[in-house]
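A structural walkthrough
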Amino acid sequence: MSEKSSGDERGRLEVEALCKDYETGHSPLTVLDGLDLRLEAGDALAVTGPSGCGKSTLLHILGTLEPPTSGAVRIDGVDPFALPEAELASFRGREVGFVFQDHHLLPQFNVLQNVTLPTLAVGGNETDDRARELLAAVGLEERLTHRPAQLSGGERQRVAIARALINRPSLLLCDEPTGNLDPKTAEVVADLLFDLQARERRTMVVVTHSEELAERFENRLRLGVVAGVAS
């Protein structure tokens, strides 16, 4: 959506004629229908629309968690769905960071351990230093040994953001990242998302029901009841 050139930077996202159908036992249910999208490295996009219009489905496809029925997705020129399953899992671990409405932190691990968990799948180096840097950036450098139950909701979501960025992914995908937070905490978490996305120059796609959050984005895509239609 941006007119700037991405050059050699990571994070270019191209979506062409994307369709997703689900079998319902009678006739296929079309959730996404012919969606086109292009983001350059460092772009940030808000995706809005009513429940059931395909917002989370789009995010799952962009994150390679499920394949499209038809159409193409390319991340930095790579079609992840053309990769063998083992390579796809590795690609996802390296190139995509996820932040969900629920933080999904593991309760038995402390903050530092939760943030470094994604590195186990990709064999990252200097993981503790990287995790400490990110936790300092989200204001939790004094909470490294705390467990999730000892943190507030906003603090847990900040840990989740740090975890999503630990592997330096090309794409940061967020599904209702402020949905479970009170308005003041939601604003703090949104500020952190934008700050880290700009600082690390990650391409970010955020699904949200919050019009206040969506209005902060230069790029916005609204999916209608017939998904794939932007307005």
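Below: a short report on this structure.

1. Describing the packing of helix α4 (residues 127-137) against helix α6 (residues 183-200)
- The interhelical angle for the contact between α4 and α6, taken along N-to-C directions, is 135°, at an axis separation of 11 Å. Judged by the angle between their axes, α4 and α6 are oblique. Residue-level contacts link R130, E133, L134 and A137 of α4 to L192, L196, R199 and E200 of α6.
- Class assignment of the residues belonging to the contact of α4 with α6 gives a composition of four nonpolar, no polar and four charged.

2. Re the pattern of salt bridges
- One pass over the structure, following the stated rule, counts 14 salt bridges.
- R38 is the salt-bridge partner of E14, the closest N and O atoms lying 2.8 Å from each other. Of this pair, E14 sits in strand β1 (residues 13-22) while R38 sits in strand β2 (residues 29-39); the two residues are 24 residues apart in sequence, bridging distant segments of the chain.
- Note that R216 and D191 form a salt bridge whose closest N and O atoms lie 2.8 Å from each other. Of the two residues, R216 sits in the loop between α7 (211-214) and β8 (219-222) while D191 sits in helix α6, which places them 25 residues apart along the sequence.
- Accessibility expressed as a relative area gives 39% for R216, which makes it partly exposed.
- One connected set of salt bridges, linked through shared partners, spans R12, E14, E16, R38, E40 and R74.

3. Re the sheet that holds β1
- Strands sit in the order β2-β1-β4 across an open sheet of three strands; the sheet is antiparallel. Of all strands in the sheet, those bounded by a partner on one side alone are β2 and β4 (70-75). When the angles between neighbouring strand axes are averaged without regard to direction, this sheet yields 20°.
- Taken together, the five bridges between β1 and β4 define a ladder with antiparallel strand orientation. Looking at the pairing, C19 lines up with S70 of β4.
- Strands β1, β2 and β4 of the sheet are contacted by helix α1 (residues 55-62), whose axis makes an angle of about 120° with β1.

4. Points about the pairing of strand β3 (residues 44-48)
- Most of β3 is tucked away, with five of its five residues classed as buried.
- The alternating pattern of β3 places A44, A46 and T48 on one face and L45 and V47 on the opposite face, and all of these are buried.
- Pairing between β3 and strand β7 (residues 203-207): four bridges, direction parallel. When the sheet's bridge partners are listed, A46 is paired in β7 with V206.

5. Re the sheet that holds strand β6 (residues 171-175)
- If you walk across this open sheet you meet the five strands as β5-β6-β7-β3-β8, and the pairing is parallel. A single partner strand is all that each edge strand has here, and the edge strands are β5 (96-99) and β8. Shown here is a sheet whose adjacent strand axes are inclined to one another by a mean of 15°, direction ignored.
- Pairing analysis gives four bridges linking β3 to β8, with the strands arranged parallel.

6. Structural notes on the side chain of S170
- Within the secondary structure, S170 is located in the loop between α5 (153-165) and β6.
- There is a polar contact of 3.1 Å between the side chain of S170 and the side chain of R10.
- Of note is the side chain of S170, whose polar atom sits 3.2 Å from the side chain of D76.

The rules behind each value
In this numbering scheme, every chain counts its residues from 1 along its sequence in written order. With the structure being a predicted model, the display of local features is reserved for residues of pLDDT at least 70 and the display and counting of side-chain atom pairs for 80 or more, all residues being used for whole-chain, interface and lining totals. Side-chain metrics in this entry use all non-hydrogen atoms of the structure; hydrogen atoms and water are not considered. For every element, the axis is a line fit to its C-alpha atoms; helices are fit only across the contacting stretch, and the angle between N-to-C directions ranges from 0 to 180 degrees. For the purposes of this entry, the term helix denotes a DSSP run of H or I that reaches at least four residues, the term strand denotes a run of E that reaches at least two, and both are numbered from the N terminus. For classification purposes, an angle smaller than 35 degrees is called roughly parallel, one larger than 145 roughly antiparallel, one from 65 to 115 roughly perpendicular, and anything else oblique. Working rule for contacts: check all heavy atoms of both residues, and any pair within 4.5 Å makes them a contact. In this count, Pro and Cys sit with the nonpolar residues alongside Ala, Val, Leu, Ile, Met, Phe, Trp and Tyr, while Asp, Glu, Lys and Arg are called charged and the others, Gly among them, polar. Only one rule defines a salt bridge in this text: a Lys or Arg side-chain nitrogen within 4 Å of an Asp or Glu carboxyl oxygen. Residue exposure (1.4 Å probe, protein chains only): buried if accessible area is under 20% of the type maximum, exposed if over 50%, otherwise partly exposed. If DSSP finds at least two bridges between two strands, the strands pair. Think of a polar contact as two N or O atoms within 3.5 Å of one another; within protein, one of them needs to be a possible hydrogen donor and the other a possible acceptor, and neighboring residues in sequence only count if both atoms come from side chains.

All we've got here are geometric facts, nothing functional implied.
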